[in-house]
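Summary of the model geometry
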Amino acid sequence: MQELLIAVARGLVENKDAVQVTVDPAREDGAVVYHLTVAEEDMGRVIGKQGRIAKAIRVVMRAAAVRQNEKAVVEIG
């Protein structure tokens, strides 16, 4: 899952080396939280107009998590 998020983010940004993903342990509700960080100048590329790209990233991650019987939450910051 972490590799999927990194691959998606690197496809969007200019500074590919600045892409980092940290993973929190599963919460009480079973959801795993993924924290995506990118370079400041690439933040707009990851969020998109009105948050559309960020929403799409979250949808893809949730769909991939469902296939593995998990819950995924993506925080971008």
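Residues numbered from 1 in each chain as written. Predicted model: local features only at pLDDT ≥ 70, side-chain atom pairs only at ≥ 80, totals over all residues. Heavy atoms only, no water.

**Focus: the overall build of the chain**
Along the chain, the regular secondary structure elements total three helices and three strands. If you list the helices and strands of the chain from N to C, you get α-β-β-α-α-β. For the chain, the spread of C-alpha atoms along the principal axes amounts to about 35 × 20 × 20 Å. The burial tally for the chain puts 30% of its 77 residues in the buried class. Total accessible area computed for the chain in this model is approximately 5000 Å², and 51% of it derives from carbon and sulfur atoms. Averaging the locations of the 11 positively and 11 negatively charged side chains of the chain gives two centres separated by 10 Å. (Helix = DSSP H or I, 4+ residues; strand = E, 2+ residues; numbered from the N terminus. Buried < 20%, exposed > 50% of the residue type's maximum accessible area, 1.4 Å probe, protein only. Areas by Shrake-Rupley, 256 points an atom, 1.4 Å probe, with all protein chains shown as cover. Lys, Arg positive; Asp, Glu negative; His and termini not counted. Charge placed at Lys NZ, Arg CZ, Asp CG, Glu CD.)

**Details of the nonpolar core**
With 18 residues, the main nonpolar core has Met1, Leu5, Tyr34, Leu36, Val38 and Met61 as its most contacted residues. Of all the secondary structure elements, the ones that give two or more residues to this core are helix H1 (2-12), strand S2 (31-37), helix H2 (43-47), helix H3 (52-67) and strand S3 (71-76). Once residues lying within four places of it in the same chain are set aside, the contact partners of leucine 36 are Leu5, Ala9, Val19, Gln20, Val21, Val46, Glu75, Ile76 and Gly77. (Core = buried A, V, L, I, M, F, W, Y, C linked by side-chain atoms within 4.5 Å. Contact = heavy atoms within 4.5 Å.)

**A few points about the confidence of the model for the chain**
Residues with a pLDDT of 70 or more make up 100% of the chain, whose mean pLDDT is 95. Mean pLDDT across the secondary structure elements of the chain bottoms out at S3, with 95, and peaks at strand S1 (residues 20-23), with 97. (pLDDT = per-residue confidence, 0-100.)

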